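# An overview of the molecular structure
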Amino acid sequence: QVQLVESGGGLVQAGGSLRLTCVASGSIYNIQSIEWYRQAPGKQRDLVAYITSGGRTIYANSVKGRFTISRDNAKNTVYLQMNSLKPEDTADYYCKWTWGWAPTITWGQGTQVTVSS
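This structure is a prediction, so every number in the text was calculated from the model and none was measured.

## A look at the overall build of the chain
Looking only at helices and strands, one finds zero helices and 11 strands in the chain. Along its sequence from the N terminus, the chain presents helices and strands in the succession β-β-β-β-β-β-β-β-β-β-β. With the C-alpha coordinates aligned to their principal axes, the bounding extent of the chain is approximately 45 × 25 × 25 Å. Split into buried and exposed, the 117 residues of the chain put 43% on the buried side. Total accessible area on the chain stands at roughly 6,100 Å², and carbon and sulfur atoms take up 46% of it. Between the centroid of the 11 positive side chains of the chain and the centroid of its 7 negative side chains there is a distance of 5 Å.

In structure tokens, the structure reads:
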């Protein structure tokens, strides 16, 4: 069974940085894409960043130039480096992996990020 475990969230002041980590365990193969989403209280879950199997990245306009998604294939790990954080970045952050031949979608449990002004 594939599981995703996120970490790295916390409380940070505006202008600060955090690095989120999402580690996949289990028999995971043919990883097609990995995405980070976020969901603020009372709002929908929105795509933040996306990385394909070939390493192509896409970012939401609101985080371009501040956030960087990267992956370590050998460790089945994806990162989200978040710099110049703003209060509006406050949300629960989730990673989502699309993998396998079906394909299968697996979500992490989320990690909370709070940015104080």
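## Overview of the pattern of salt bridges
In this structure the tally under the stated criterion is three salt bridges. Residues Lys96 and Glu35 are paired through a salt bridge, measuring 3.8 Å at the closest nitrogen-oxygen approach. Residue Lys96 is located in strand S9 (residues 91–99), and its partner Glu35 is located in strand S4 (residues 33–39); the two are separated by 61 residues in the primary sequence. Its relative accessible area of 6% is what places Glu35 among the buried residues. Taking the shortest distance from any N to any O, the salt bridge between Asp89 and Arg38 comes out at 2.9 Å. Placement of Asp89 in the loop between strand S8 (77–82) and S9 and of Arg38 in strand S4 is noted, with a sequence separation of 51 residues between them. Take Arg38: its relative accessible area is 13%, and that puts it in the buried class.

## Quick word on the environment of Tyr50
Assignment of secondary structure puts Tyr50 in strand S5 (residues 45–52). A sequence separation of 25 residues divides Tyr50 from Ser25, and the C-alpha atoms of the two residues are 20 Å apart. Sequence-distant contacts of Tyr50, defined by excluding residues within four places in its chain, comprise Ser33, Ile34, Glu35, Arg56, Thr57, Ile58 and Ile69.

## Quick look at the packing of aromatic side chains
According to the stated counting rule, one finds three aromatic pairs in the structure shown. Both rings, one in Tyr29 and one in Trp101, keep their centres 6.1 Å apart while their planes meet at 45°; by these two values the pair is tilted. Of this pair, Tyr29 sits in the loop between strand S3 (18–25) and S4 while Trp101 sits in the loop between S9 and strand S10 (104–107); the two residues are 72 residues apart in sequence, bridging distant segments of the chain. Its relative accessible area of 37% is what places Tyr29 among the partly exposed residues. Among the residues examined, Trp101 registers a relative accessible area of 69% and is labelled exposed. Note on Tyr37 and Trp107: the rings are 5.0 Å apart at their centroids and 55° apart in plane angle, and the pair reads as tilted. With Tyr37 in strand S4 and Trp107 in strand S10, the pair connects residues that are 70 residues apart, well separated along the chain. Across the ring face of Trp107, the terminal group of Arg45 is positioned such that the distance to the ring centre comes to 4.8 Å.

Calculation rules
Residues numbered from 1 in each chain as written. Predicted model: local features only at pLDDT ≥ 70, side-chain atom pairs only at ≥ 80, totals over all residues. Heavy atoms only, no water. Helix = DSSP H or I, 4+ residues; strand = E, 2+ residues; numbered from the N terminus. Buried < 20%, exposed > 50% of the residue type's maximum accessible area, 1.4 Å probe, protein only. Areas by Shrake-Rupley, 256 points an atom, 1.4 Å probe, with all protein chains shown as cover. Lys, Arg positive; Asp, Glu negative; His and termini not counted. Charge placed at Lys NZ, Arg CZ, Asp CG, Glu CD. Salt bridge = Lys/Arg side-chain N within 4 Å of Asp/Glu carboxyl O. Contact = heavy atoms within 4.5 Å. Phe/Tyr/Trp six-rings, centres within 6.5 Å; stacked < 30°, edge-to-face > 60°. Lys NZ or Arg CZ within 6 Å of the ring centre and 35° of its normal.

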